[in-house]
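# Structural overview
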Amino acid sequence: MGKYVAALDQGTTSTRCMLFDRAGRVVASAQREHEQLMPRPGWVEHDAKEIWFRSDQVIRLALQQAGATAADVSALGITNQRETTVLWDRHTGEPVHGAITWQDTRTGALCEQLAAGDQDRFRRTTGLPIAPYFSATKIMWLLGDVPGARARAEAGDLLVGTVDTWIVWHLTGGTHGGVHVTDVTNASRTLLMDLETLDWCPQLLEATGIPRALLPEIRPSVHAYGEVAAGPLAGVPIGGILGDQQAATFGQTCFAPGEAKNTYGTGNFLLLNTGEVPVRSTHGLITTVGYQLEGAAPVYCLEGSIAITGALVQWLRDNLGLITGSEEVETLASTVDDNGGCYFVPAFSGLYAPYWRSEARGVIAGLTRFVKSGHIARAVLEATAFQSREVVDAMALDAGVPLGALKVDGGMTVNEPLMQFQADVLGVPVVRPVITETTALGAAYAAGLAVGVWGEPDDLREHWAEDRRWLPTMPADERDERYRYWKKAVERTFDWLD
């Protein structure tokens with residue numbers, strides 16, 4: 001058995017391959033960005049072929065960095081941006097259209113038609129509201145709007161899947177016998193899977209007009225998916241697939257009911273382990289599969305999904321040019337003492353949890369002549385913390401238990417003023433682990449469990465180590481006042497689109 005476990009982390013803005021040793025330590029890491037395509041307002045696409053190219057590239061670079069070969073790797077785990085949908089020709093491997101990302105809002109009208117006046121029409125079955133975020137209406141759009149797609153799909157010539165499915169199909173041979181699969185965590189984000197049967201729901205397939213033959217087979221998260229057919233990892237078993245936020249929850253070792261983590265990436269995603277029984281939210285959260293081990297019952301989570309957090313910093317860089325690198329936002333924000341009364345609600349793709357308002361659009365509220373670029377930068381960072389507070393509040397109401405502390409991970413956790421403000425806004429400690437890239441770590445853990453590198457999930461707890469803890473220092477009255485103004489700003493985003 002090899003001394004390393006590999007993880008391929010295919011995210012919204014970049015793809016990374018990381019190698020971990022048996023103690024869960026990072027041995028090598030290679031990362032490359034891919035292009036964000038925005039052909040129309042509200043449309044956000046990726047080139048699926050570029051994603052596959054970057055995946056192959058970073059695998060090669062990580063192995064090169066470690067001086068390793070396939071013989072040194074026990075297993076490969078895959079984690080991915082969820083909901084993003086690829087439709088491709090099974091005979092040629094060519095995508096029929098750009099991959100429609102989770103941020104895309106083009107299917108708003110389709111969602112209204114499908115909901116028929118009830119956004120929660122399928123929530124009992126799927127745990128999800130009907131929203132452009134999820135994959136089903138993306139597939140409906142592709143079949144209806146790409147010329148010839150429906151006829152080709154019904155003839156059995158096309159395959160569809162989220163990004164994990166696309167990558168695994170290529171890794172296992174593509175047009176030469178590639179395996180067409182997904183795992184329960186990704187399938188639970190399509191609006192097509194029954195949370196209790198863990199299979200595609202016939203009634204939902206009928207309602208959406210999606211042929212079952214188009215869809216991948218659903219398997220557990222920790223499972224022997226097959227071997228890599230060619231390339232630098234040829235012969236290495238693929239042992240785990242997890243959607244990125246479930247992978248981060250796994251990497252944070254949130255294996256017990258009541259344990260929660262918040263990942264700070266392109267968006268923010270807060271997941272709470274609720275055990276083997278799905279908890280139905282009544283406060284705007286979604287119910288999702290957290291993970292499933294081979295031969296075991298699934299573990300469910302409540303999730304609060306926030307569309308735009310780290311992406312807002314990129315917007316400040318790329319669209320406004322206020323900074324030239326994302327890391328500069330902290331420096332710019334530190335030129336002022338507070339937000340100057342400025343609040344920025346980044347409802348670029350509508351609002352996700354706990355509102356689910358696809359017609360909302362972003363606002364900057366409270367502007368005066370006093371406000372400078374530093375205040376806007378601070379408001380950009382504070383938006384991440386305020387949105388997370390809204391999700392934490394909803395989670396406490398649904399779960400009936402207040403949060404005692406929050407485990408955090410992801411790229412934005414290196415921003416220490418943001419983490420302090422997050423603790424202040426929540427009024428509870430915020431805890432960062434030594435390894436903050438827990439998404440890749442979780443995928444590696446799943447793959448390693450599948451091939452026996454590790455025995456049980458609880459064996460992984462000893463690898464988790466605290467790096468930094470932030471304690472709240474803000475007076476309660478100030479916290480409440482700032483949060484009240486934030487809520488006022490959020491209300492200004494409602495009903496922007498008719």
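Please refer to the structure placed before this passage.
All of the points below concern the structure found in this document.

Reading the values: rules and limits
Residues numbered from 1 in each chain as written. Predicted model: local features only at pLDDT ≥ 70, side-chain atom pairs only at ≥ 80, totals over all residues. Heavy atoms only, no water. Helix = DSSP H or I, 4+ residues; strand = E, 2+ residues; numbered from the N terminus. Buried < 20%, exposed > 50% of the residue type's maximum accessible area, 1.4 Å probe, protein only. Contact = heavy atoms within 4.5 Å. Pairing = 2+ DSSP bridges. Axes fitted to C-alpha atoms, helices over the stretch in contact; angles between N-to-C directions. Disulfide = S-S within 2.5 Å. Phe/Tyr/Trp six-rings, centres within 6.5 Å; stacked < 30°, edge-to-face > 60°. Lys NZ or Arg CZ within 6 Å of the ring centre and 35° of its normal. 1 Å grid on protein atoms, 1.4 Å probe; cavity = no way out; pocket = protein on both sides within 12 Å on 5 of 7 lines; lining within 4 Å. Points joined across faces, edges and corners; volume = space filled by probe spheres on them. Nonpolar A, V, L, I, M, F, W, Y, C, P; charged D, E, K, R; others polar. Salt bridge = Lys/Arg side-chain N within 4 Å of Asp/Glu carboxyl O.

### Description of the environment of R479
For R479, the position within the fold is in helix α15 (residues 476–491). Here R479 falls in the buried class, since its relative accessible area comes to 17%. Beyond its immediate chain neighbours, meaning those up to four positions away, R479 contacts R389, D424, V425, G427, P472 and M474.

### Comments concerning the sheet that holds strand β3 (residues 26–33)
Taken in spatial order, the six strands line up as β3-β2-β1-β5-β14-β13 in an open sheet, and their pairing is mixed. Two strands bound the open sheet, and with one partner strand each, they are β3 and β13 (222–227). Averaged over all adjacent pairs, the angle separating strand axes in this sheet is 25 degrees, with direction ignored. With three bridges connecting them, β13 and strand β14 (residues 237–243) associate as antiparallel partners. In the sheet register, V222 faces β14, and the bridge partner there is G240. The sheet strands contacting helix α1 (residues 48–66) are β1 (4–10), β2 (14–20), β3 and β5 (73–80), and the helix crosses β3 at an angle near 150 degrees. Here helix α14 (residues 438–451) sits on the sheet and contacts β1, β2, β5, β13 and β14; the angle it forms with β5, its principal contact strand, is near 135 degrees.

### Here's the deal with the sheet that holds strand β21 (residues 406–409)
The seven strands lie next to each other as β17-β18-β16-β15-β21-β22-β23, forming an open sheet whose pairing is mixed. Only two strands of the sheet have a single neighbouring strand rather than two, namely β17 (286–291) and β23 (466–470). Strand-to-strand, the axes of this sheet are offset by a mean angle of 30 degrees, without reference to chain direction. Where strand β15 (residues 260–264) meets β21, three bridges bridge the pair, whose relative direction is parallel. Looking at β21, one finds that N262 is bridged to V408. Contacting β15, β16 (268–275), β17 and β21, helix α9 (residues 244–251) runs over the sheet at an angle of about 125 degrees to β15.

### Here's the deal with the state of the cysteines
All told, the structure shown has zero disulfides when counted by the stated rule. With no disulfide of its own, C111 lies closest to C201 among cysteine sulfurs, the gap being 17 Å. Taking the relative accessible area as the measure of exposure, C111 reaches 6% and is therefore buried. Here C254 stays unpaired: no disulfide links it, and the sulfur of C301, its closest cysteine neighbor, is 8.1 Å away.

### Remarks on the packing of aromatic side chains
Scanning the entire structure with this criterion turns up 25 aromatic pairs. Ring plane angle 20 degrees and centroid distance 6.2 Å describe the contact between Y343 and Y485, whose orientation is recorded as stacked. Here Y485 lies in helix α15 and Y343 lies in strand β19 (residues 343–345), a separation of 142 residues in the sequence. Take Y343: its relative accessible area is 8%, and that puts it in the buried class. An aromatic cluster is present here, built from W102, Y133, F134, F269, Y352 and W356 joined pairwise through their rings. Between the NZ or CZ atom of R106 and the centre of the ring of W43, over which it lies, the distance is 3.7 Å. The ring of W141 is capped by R106, whose NZ or CZ atom sits 4.6 Å from the centre of that ring.

### Here's the deal with the environment of T13
Checked against the element boundaries, T13 lands in the loop between β1 and β2. Placed 366 residues apart in sequence, T13 and A379 show a C-alpha to C-alpha distance of 23 Å. Filtering out sequence-adjacent residues up to four positions away, T13 remains in contact with E33, H34, Q36, T266 and Q314.

### Let's talk about the layout of surface pockets
Here the largest pocket defines a volume of roughly 970 Å³. Only β2, β3, α9, β15, α10 (310–320), α11 (328–333) and α14 provide two or more residues apiece to the lining of the largest pocket. A per-element tally of the lining of the largest pocket places α10 first, with five residues. In terms of residue class, the lining of the largest pocket is built from 11 nonpolar, 21 polar and 11 charged. Taken as a whole, the second largest pocket encloses approximately 630 Å³ of empty space. Taken together, 25 residues make up the lining of the second largest pocket; nearest its centre are M38, V44, Q103, W315 and N319. For the lining of the second largest pocket, the leading source of residues is α10, giving six residues. Considering only residue class, the lining of the second largest pocket consists of eight nonpolar, 11 polar and six charged.

### As for empty space enclosed by the protein
Over the atoms a probe the size of a water molecule is rolled, and this reveals where empty space is left. This model, assessed by the stated rule, comprises two cavities of 30 Å³ or more. Taken as a whole, the largest cavity holds about 100 Å³ of empty space. Around the largest cavity, the lining is made up of 15 residues, and of these I306, L351, Y352, A353 and Q387 lie nearest the centre. Elements supplying a minimum of two residues to the lining of the largest cavity: α12 (373–399) and α15. Among the residues forming the lining of the largest cavity, the class breakdown is 12 nonpolar, two polar and one charged. Around the second largest cavity, the lining is made up of 14 residues, and of these G161, T162, T190, W200 and P216 lie nearest the centre. Listing elements by their share of the lining of the second largest cavity, those giving two or more residues are α4 (135–145), β8 (158–162) and α7 (184–187). Here the lining of the second largest cavity is composed, by residue class, of six nonpolar, eight polar and no charged.

### Re the side chain of R389
Mapped onto the secondary structure, R389 falls in helix α12. A residue is classified by how much of its surface remains accessible, and R389, at 12% relative accessible area, is buried.

### Here's the deal with the pattern of salt bridges
Overall, the coordinates contain 33 salt bridges when judged by the stated rule. Between R280 and E196 there is a salt bridge whose closest N-O contact spans 3.1 Å. Here R280, found in the loop between β16 and β17, pairs with E196, found in the loop between β10 (193–194) and β11 (199–200); they are 84 residues apart in sequence, far enough to count as distant. As a salt-bridge pair, R469 and E466 come within 2.9 Å of each other at their nearest N and O atoms. Among the charged side chains, a salt-bridge network with shared partners connects R82, E83, R189, D244 and E303.

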